[in-house]
Amino acid sequence: MAAESSMDVVSKVDRQEVDNALNQASKEVRQRFDFKNTDASIAWSGESIEIEAISEERAKAVLDVFQSKLVKRGVSLKALDAGEPRASGKLFKITATATEGISQENAKKVSKLIRDEGPKGVKAQIQGDELRVSSKSRDDLQVVQALIKAQDYDFAVQFTNYR
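Summary of the structure given here. (Residues numbered from 1 in each chain as written. Predicted model: local features only at pLDDT ≥ 70, side-chain atom pairs only at ≥ 80, totals over all residues. Heavy atoms only, no water.)

**What to know about the packing of aromatic side chains**
In step 1: Per the stated rule, a full pass over the model turns up one aromatic pair.
In step 2: Positioned above the aromatic ring of Trp-44, the side-chain terminus of Arg-15 is 3.8 Å from the ring centre. (Phe/Tyr/Trp six-rings, centres within 6.5 Å; stacked < 30°, edge-to-face > 60°. Lys NZ or Arg CZ within 6 Å of the ring centre and 35° of its normal.)

Pasting the structure below:
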């Protein structure tokens with residue numbers, strides 16, 4: 001009989017794709033007519049993304065442009081955690097972060113789903129910020145993938161190390 005097959009359920013963001021989306025959004029904000037004279041900008045601030053504009057609506061509009069660029073680049077919006085606009089002097093600021101890793105609580109939810117509704121003989125182990133799913137049958141792993149995709153979790157899910 002063949003060895004056990006396994007895969008990892010992870011929540012990762014391609015930093016380069018986020019950077020590309022941020023650069024595209026920044027360029028669009030500089031060029032668009034409706035952002036003229038609003039001091040609108042978007043840039044990295046350490047590990048987070050800082051959005052600034054002269055009004056709350058313009059700051060939300062910059063965030064909307066950034067989110068549309070993320071979608072076009074294939075980055076899930078569930079991985080982006082954007083705060084509410086806050087006043088900072090004359091400007092309104094929004095801080096957004098790209099969240100990575102599955103929390104223990106969320107990993108337990110996914111693990112329970114696999115135990116309750118997944119095929120028999122499929123095992124799920126929590127390993128740090130990811131979940132290792134193993135089974136004797138690759139078909140069972142594909143069933144588990146479909147099961148996890150069908151659930152609407154509030155975090156991004158990818159499947160890696162499919163062996």
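**Comments concerning the pairing of strand β1 (residues 5-10)**
In step 1: Among the six residues that make up β1, six are buried, leaving the element largely enclosed by the rest of the structure.
In step 2: Neither face of β1 is open: one carries Ser-5, Met-7 and Val-9, the other Ser-6, Asp-8 and Val-10, and all of them are buried.
In step 3: As defined by bridge partners, β1 adjoins strand β8 (residues 130-135) across five bridges and the pair is classed as antiparallel. Residue pairing for β8: Asp-8 is matched across the bridge by Arg-132.
In step 4: In terms of strand pairing, β1 meets strand β9 (residues 158-160) through three bridges, oriented antiparallel. From the neighbouring strand, Val-10 faces β9, where its bridge partner is Gln-158. (Buried < 20%, exposed > 50% of the residue type's maximum accessible area, 1.4 Å probe, protein only. Helix = DSSP H or I, 4+ residues; strand = E, 2+ residues; numbered from the N terminus. Pairing = 2+ DSSP bridges.)

Everything listed here is a matter of geometry and, on its own, says nothing about what the molecule does.
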